[in-house]
Structure formats: structure tokens, C-alpha cells
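Listed below, chain by chain, are the residues.
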Amino acid sequence: MLHFTASLPYDRRLASCDIRGSIAHVEMLADRSVINAEEAELIIKGLEEIRAEVQEGRFPYDLEFEDIHMNIEKRLIEKLGPLGGKLHTARSRNDQVTLDTHLYMKEEIRIIDQFLQQLQATIINLADRFEGVLIPGYTHLQRAQPVLLSHHLLAYFWMLVRDRERLAGVLVRTDLMPLGAGAIAGTGYDIDREQVAEKLSFSRLYENSIDAVSDRDYIIEFLSFSALLMMHLSRLCEELIMWSSAEFGFIELDDAYTTGSSMMPQKKNPDLAELARGKTGRVYGSLFSMLTVMKGLPLAYNKDMQEDKEGLFDTVDTLKNLLPILSEMLDTMSIDRVRLKEAVDDDYLCATDLADYLVRQGTNFRDAHYAVGEFIAFCRREGIRLRELDPEKRSRFHPALAGDIADLLDPVKVVNARCSRGGTAPSAVKKQLELARRLSGNQKKQQ
Ligand code: ARG
């Protein structure tokens, strides 16, 4: 029974938050004369000793006492005798556990946001470093149009902007102080919830005691933010995996972020990128697990809710482990400029521009699209580039194709022409980069 029901093996990571919460609670109890000042002082001293025991690995965890809250209280009673029993006045584990989780999450959200900011800065650096490099842009994983590599990478920057906005939203709704709700109904003791909130730097209080102990939205929202973030990172990693294959050969990842094969000497496996993609599955799992745990629960606290912790902690660990090394892997990757040049030299990628040219010559777009399609189909059968077919033969597909189309088939010129706002022309990407640079530094302030 104990092994099945205890949360101690994993909730011990809440120890320092639990002690912070308890100290604020005890100070408030003394201020309101629920206990006297001398008692409060002794209890706080005891809690601080316990904090040191935890930090120095000396704390005697005991599974008999189910969770970290009971373990700390039991230890306090060991130290202070019956006085230790006063700590839990006007409090329940139901409001205590969710207070601890709120405190924990507020800290972790700040750290994760810093990692995201760092990843954004890495992407901006790469966009700078690879200035002017072209790659094929893909739709349906078929070569579509040439784009700047910087432009492609910056797409991930903007995903992270939205991820950070979402995380800031999670923080707003995590910044709510539940203590004082008691087990469900509040308490008759003369407590001061505002004071506790202020001591613990919360901006707001839960206004309904039942909601305070029933709410796990903030955890689900964090998991939802994490699932979306991981989806973005997984797509990025999938591209890095493809790009580093012999078939693409666009990039090379630094040895520090790949592994060899135990059998095949030539192998360089992108393990970090693959695992990032793989771990996305478990983060989704934690989100679905929590949504499912909560869906049928009557108000207020139910023991089912103890299941909120492992998925949350695992997700926090996954993000904190992954984000910094992902930044490093990106920062140290190199590109194969020759391979990239070969890839964009494929002038079929300029088909859209040819069709647009015919439109400028007075053809409607559908007919232009058809003519260029025929032109390309012919060249594909012949195994030649568009620019290799002589003007006379080209004119069979459309008379205007007999003209000088060399510029239209030059990927650099094609890219330069896409100068609409948010487009891939160097002039547009320069503006995008400036905006990105300003935003990544300032995003926190704007929120
Ligand atoms: N370990 C419990 C949890 O994580 C703490 C709250 C227990 N409350 C209770 N009434 N059993 O949810």
C-alpha cells in the first residue's frame, strides 16, 4: 500500500519550495497571533535546519510518511516536539501541495524561458553566419523554390517567439496563490492570505477555495506549451537529420553531438537530434496523461491528482536538458556550400518565375503554368537543365520563351526578387533579422 500510494520518491524535489511556503505561512500565523512570535522563530529555525539537511544530502527520508510534506513536518516534530505540530495550523496538504507546485513551476518557467531566449540568439547568429547562402525550399518534400538558408532557419525563431508568448501566459496563470484554501472550504483561523502571497511574490490569489485545491490547469497548460515547443524542436531536428544524410549532404553536425556505430565505421549518427524528436512523444504522453487524469474528477482534491508530478518533472527535465545542448549543436554545425550550390543550381526551382514572366508578357497564369510545365517535362525527359535548351526549341512551348530568360533561371536573382515583407530576398530577410534581434532581447519586457 505504501509503495503504491507514496509520492516521496519523486516529490522530494519540492522540498525547498515546501520549506519556503511553510516559512511564509508561519510568519503570517505569528503576525495574526495564531501562534506566538517565539514559537514562529523556533519553527522557522527548525525549517532552516531541515533545508540544510536536504541540501547537504543528510535528510532522513522515510517512506512511511508518504510524501515530502509529511516528511518535513515529521522531521520538524522530531526536532521541536509538539511545537512542530503547530506548523500545520490553518493548512491542509491539499493547499500545501499545490502551493509548492506553483512555486516550483514559477522558478522553472523562468529558467526555461532563458534557455529559449538563448536558442533564439543561436538561430539569429546562424542566420548572420550563413548570410547569402541559398537552399532549395521544399513543399511536399519536393524542391519548390530557392530560399535563403537564413530565412529558413529564422522560421524557427518565430515559432519560438510564439512559444515564449505561450510560456508567459502559463506564468500569468501559475502566478496564483492557493494557500488558505485549507482542505476545500477555507479556514476559521484569522489568516492573511494577501500577506502570504506577497511574501512569496505571487501577484494574485485564488478567489475560491474549492478552485484553489482543484486546479491543475497551470500544469496542463505548461505541458501543452511544452508539447507544442517539442513539436517545433522535433521538426527542426528532423530537418537536421535529413540535411546531414548523404542524400542531402547540406550540413555536418559537430562530432560532439553525434555518435559512431558499434559495427559500421563510417557512421555518424545524429543521436541528439533523433532523441529530441523521440522525446517529443513522452512530452505529448504527459500532456494526455494529465488531461485524462483530470477529466472525470469531482471537485475538489482527489488522490488521482498526485499523478500530476512525474509527467511535469519529466517534462521540465527534458526541456532543461535538451535546450542548451540543442543550442550548442546548432551553433557548431557547418554547411557544405558546394552541395548547397549544386542543389539550388537545379533551375526547375525557377519555374514559378518563368510562369510569372509569361504572365507579364500577356499570358494568363493558368496557360503560363501549363506551358512551363510542358517545358520542364520535356527537359526532364531529356535529362537537361532548362537553360540548356535552345531558344528555338523553347518557343515550341510558348513563343515568349524564345526571349532571354537567363536571369529568370538564376536562383540568386530569383531569390533577390522575392522582396515582399516576410519574403526571402536578402533585403527582406535583413529587416526580419533586425526585428528578430530587437524582439529576442526585449520579449520579456513586452510581455
Ligand atoms: N502527496 C499528495 C499529492 O501529491 C499531497 C496531497 C495529499 N492530500 C491528501 N489529502 N491526501 O497530491
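Residues numbered from 1 in each chain as written. Predicted model: local features only at pLDDT ≥ 70, side-chain atom pairs only at ≥ 80, totals over all residues. Heavy atoms only, no water.

Peer 1: Explain the site of the ligand residue by residue, including any values.
Peer 2: Taken together, the residues surrounding the ligand are Ser7, Asp67, His69, Arg93, Asn94, Val97, Tyr301, Gln306 and Lys309. Side-chain polar atom of arginine 93 to a nitrogen atom of the ligand: 3.4 Å apart, as the coordinates give it. Lysine 309 is positioned with one of its side-chain polar atoms (N or O) 2.5 Å from an oxygen atom of the ligand. Coverage of the ligand by the protein amounts to 86% of the 350 Å² it exposes when considered alone. Counting residues per element, the shell around the ligand draws most heavily on helix 6 (residues 93-129), which supplies three residues. (Near = heavy atom within 4 Å. Polar contact = N/O pair within 3.5 Å; in protein donor to acceptor, adjacent residues only side chain to side chain. Areas by Shrake-Rupley, 256 points an atom, 1.4 Å probe, with all protein chains shown as cover. Helix = DSSP H or I, 4+ residues; strand = E, 2+ residues; numbered from the N terminus.)

Peer 1: Describe the pairing of strand 2 (residues 142-148), with residues and values.
Peer 2: Each regular strand carries side chains that alternate between the two faces of the sheet. Here strand 1 (residues 134-139) pairs with strand 2 via six bridges, running antiparallel. In the strand pairing of strand 2, isoleucine 135 is matched with valine 147. Counting the residues in the hairpin turn of strand 1 and strand 2 gives two residues, including histidine 140, whose phi is positive at 55°. (Pairing = 2+ DSSP bridges.)

Peer 1: Which residues make up the packing of aromatic side chains, and what values go with them?
Peer 2: Inspection of the entire model under this criterion finds nine aromatic pairs. Centroid distance phenylalanine 222 to phenylalanine 225: 5.7 Å. Interplanar angle 40°. Geometry classified as tilted. Within this pair, phenylalanine 222 and its partner phenylalanine 225 are both found in helix 10 (residues 217-243), separated by three residues, close to a single helical turn. When sorted by exposure, phenylalanine 222 lands in the same class as phenylalanine 225, which is buried. (Phe/Tyr/Trp six-rings, centres within 6.5 Å; stacked < 30°, edge-to-face > 60°. Buried < 20%, exposed > 50% of the residue type's maximum accessible area, 1.4 Å probe, protein only.)

Peer 1: For the packing of helix 14 (residues 351-360) against helix 15 (residues 365-382), give the residues involved together with the corresponding values.
Peer 2: Here helix 14 crosses helix 15 at 135°, and the two axes come no closer than 8 Å. Regarding the angle of helix 14 to helix 15, the classification is oblique. When the axes of helix 14 and helix 15 are compared, the crossing they make is right-handed. Counted together, Ala351, Leu354, Ala355, Asp356, Leu358 and Val359 of helix 14 and Phe365, Ala368, His369, Ala371, Val372, Phe375 and Ile376 of helix 15 form the full contact between these two elements. (Axes fitted to C-alpha atoms, helices over the stretch in contact; angles between N-to-C directions. Parallel < 35°, antiparallel > 145°, perpendicular 65-115°, else oblique. Left-handed = near helix turned anticlockwise from the far one by under 90°. Contact = heavy atoms within 4.5 Å.)

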